[in-house]
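A closer look at the structure
One-letter residues, chain by chain:
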Amino acid sequence: MAHRDCFESTFSEAQSSFWTLICVTTRDAEQRAAIEQEVEWLWRCGAIASERIIVVEDPCPDIGSGGSSLNALLVAAEHLCAQRGLSVLSEEVLLESRILIIHSGRECGLNRCGSAFMYLGKDTITKEGIRVPRSLFVLQLLQLTKLAAHFSNNSFAYVMDVIGIDYCSNKYGNDANVPLVLATFYMPIDIATTLLSLHSVYPLSSCTYYGIDNGSPGLQLSIFFDFIVAIANGTNEEDFVRERSPHDERSAKARQILFRRFSRYNAHACFLNITKYHYFQPADEQNVVVFWNTLTGNSYRNANEVKKELFLPALEDSSYAQLSLKSCFQLNR
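Residues numbered from 1 in each chain as written. Predicted model: local features only at pLDDT ≥ 70, side-chain atom pairs only at ≥ 80, totals over all residues. Heavy atoms only, no water.

1. Structural notes on the state of the cysteines
- Enumeration over the complete set of coordinates arrives at zero disulfides.
- Free cysteine Cys207: the closest other cysteine sulfur is in Cys60, separated by 7.8 Å. (Disulfide = S-S within 2.5 Å.)

Written as structure tokens, this is what we have:
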């Protein structure tokens, strides 16, 4: 049985509606339906400090973190426009909004919503005094909200991968212990509006439902290798355009547009040495042990020791992977 004590951090330090809108992306309709149930319950419990939260399915498979971010920002802007009674898309809604885009990541055999929503065996107390199950999603959302509130009260957009990105630089070879490429991407309002403006620009529109619904084949883009690198100092347009797409004219055209739109901005990297990560693939007992030791700083040797703190019944019975956080919470009372 997992421990029932509460995680020391609570939501009391986070503003109840700090975010104007939070958008969670999913890979398919099945994952979207599952995550919608989770976040709606968490939002009603006061665990999500946002006026609104939506869950957006990627318009097609394998569009990458960059394509998913562009599509999510488009859908988020449309929701904000509709909320304000606007019948057409207007970038002006971004001028008075704080938007957070969260990529829920890959599927995980231990949880129907992915590893971001696994119950970590302890509880968190919301600002309203309600106990909710602690998960990576809840924990990282709380910490990012505190960080963003401390950093700025202006309008902006954040893109966050809640479980880390799986890309590694070639120079690390097969070594699994590599630095995390990108976890959180902060976009001031001018960069956010520039990104949004690409939703109708071919071939970048192929990353959005707008382009897919108009018959365009999907286009895969990375938030790091295609967007961030375009902003990095010392990047040459010709090398950037051809580096990842030497024989793909459509991808080359997309990268050319990205470079010309974003290269005028400056990017700054900040490494938070308090962050920890583990590539949770595959979702087996060995990875559960490494994941939990990385998260807590413990040195457990096997899954039986971890199970004293981490509530993961799906390790014994795969049918438990379909349990929602709310069900796990009730089962563990």
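Right, picking up where we left off after that structure.
2. Here we look at helix H2 (residues 64-83)
- Taking 1.5 Å per residue, 20 residues should reach 28 Å; H2 reaches 28 Å between its end C-alpha atoms and fits that length.
- Of all 20 residues in H2, 15 are buried; the element is thus mostly enclosed.
- Positive phi shows up at Gly85, right after H2, with a value of about 80 degrees. (Helix = DSSP H or I, 4+ residues; strand = E, 2+ residues; numbered from the N terminus. Expected span 1.5 Å × (residues − 1). Buried < 20%, exposed > 50% of the residue type's maximum accessible area, 1.4 Å probe, protein only.)

3. Thoughts on the environment of Ser50
- When you line up the elements, Ser50 lands in strand E3 (residues 50-57).
- Overall, the relative accessible area of 3% leaves Ser50 in the buried class.
- Counting along the chain gives 29 residues from Ser50 to Leu21, while the straight-line C-alpha distance between them is 5.8 Å.
- Among the polar contacts listed, one links the side chain of Ser50 to the backbone oxygen of Trp19, at a separation of 3.3 Å. (Polar contact = N/O pair within 3.5 Å; in protein donor to acceptor, adjacent residues only side chain to side chain.)

4. Quick look at the packing of aromatic side chains
- A full pass over the atoms with the stated rule returns six aromatic pairs.
- Centroid distance Phe117 to Phe137: 4.7 Å. Interplanar angle 20 degrees. Geometry classified as stacked. Taken as a pair, Phe117 in the loop between strand E4 (98-103) and strand E5 (123-125) and Phe137 in helix H3 (residues 136-151) lie far apart in primary sequence, 20 residues in all.
- Aromatic pair Phe224 and Phe225: ring centres 4.9 Å apart, planes at 85 degrees, arrangement edge-to-face.
- Judged by its relative accessible area of 23%, Phe224 is partly exposed.
- When its relative accessible area of 25% is taken as the criterion, Phe225 is described as partly exposed.
- Taken together, the ring pairs in this structure connect Phe227, Phe262 and Tyr265 into an aromatic cluster. (Phe/Tyr/Trp six-rings, centres within 6.5 Å; stacked < 30°, edge-to-face > 60°.)

5. Thoughts on unusual backbone geometry
- Along the chain, Tyr202 connects to Pro203 via a cis peptide bond; the corresponding omega equals 5 degrees.
- Along the chain, Pro203 falls in the loop between helix H4 (189-196) and helix H5 (209-213).
- Of note, the phi angle at Asp62 is positive, near 55 degrees, even though the residue is not glycine.
- Relative to the elements of secondary structure, Asp62 occurs in the loop between E3 and H2.

6. A look at helix H1 (residues 29-44)
- Taking 1.5 Å per residue as the helical rise, H1 with its 16 residues ought to reach 22 Å, and the 22 Å between its terminal C-alpha atoms agrees with that figure.
- Looking only at H1, the buried set comprises Gln31, Ala34, Ile35, Glu38, Val39, Trp41 and Leu42.
- Of the residues that open H1, the one with a side-chain oxygen 3.3 Å from the backbone nitrogen of Glu30 is Asp28.
- Positive phi shows up at Gly46, right after H1, with a value of about 85 degrees.

7. Quick notes on the nonpolar core
- Membership of the largest hydrophobic core comes to 45 residues, with the highest contact counts inside it found for Ile99, Met187, Leu195, Leu198, Phe227 and Phe262.
- The leading source of residues in this core is H2, at nine residues.
- Other than its neighbours up to four places away in sequence, Leu198 contacts Leu70, Leu204, Ser205, Phe227, Ile257, Leu258, Arg261 and Phe262.
- Among the nonpolar cores identified, the runner-up in size contains 28 residues, and Ile35, Val55, Ala116 and Phe156 belong to it. (Core = buried A, V, L, I, M, F, W, Y, C linked by side-chain atoms within 4.5 Å. Contact = heavy atoms within 4.5 Å.)

8. Here's the deal with the side chain of Ser104
- Locating Ser104 in the fold gives a position in the loop between E4 and E5.
- Its relative accessible area of 2% is what places Ser104 among the buried residues.
- Within polar-contact distance, the side chain of Ser104 engages the backbone oxygen of Thr25 at 2.6 Å.

9. Topic: the pattern of salt bridges
- Following the criterion strictly, the structure yields seven salt bridges and no others.
- When the shortest N-O distance is used, the salt bridge between Asp226 and Arg255 registers 2.7 Å. Here Arg255 lies in helix H8 (residues 249-262) and Asp226 lies in helix H6 (residues 223-231), a separation of 29 residues in the sequence.
- The exposure class of Arg255 is buried, given its relative accessible area of 2%. (Salt bridge = Lys/Arg side-chain N within 4 Å of Asp/Glu carboxyl O.)

10. A look at the packing of H6 against H8
- One can describe the packing of H6 onto H8 by two numbers: an axis separation of 8 Å at closest approach and a directional angle of 35 degrees. Our pair here, H6 against H8, has a crossing hand that is right-handed. Residues Phe225, Asp226, Phe227, Ala230 and Ile231 of H6 lie in contact with H8, whose contacting residues are Arg255, Leu258, Phe259 and Phe262.
- By residue class, the composition of the contact of H6 with H8 is seven nonpolar, no polar and two charged. (Axes fitted to C-alpha atoms, helices over the stretch in contact; angles between N-to-C directions. Left-handed = near helix turned anticlockwise from the far one by under 90°. Nonpolar A, V, L, I, M, F, W, Y, C, P; charged D, E, K, R; others polar.)

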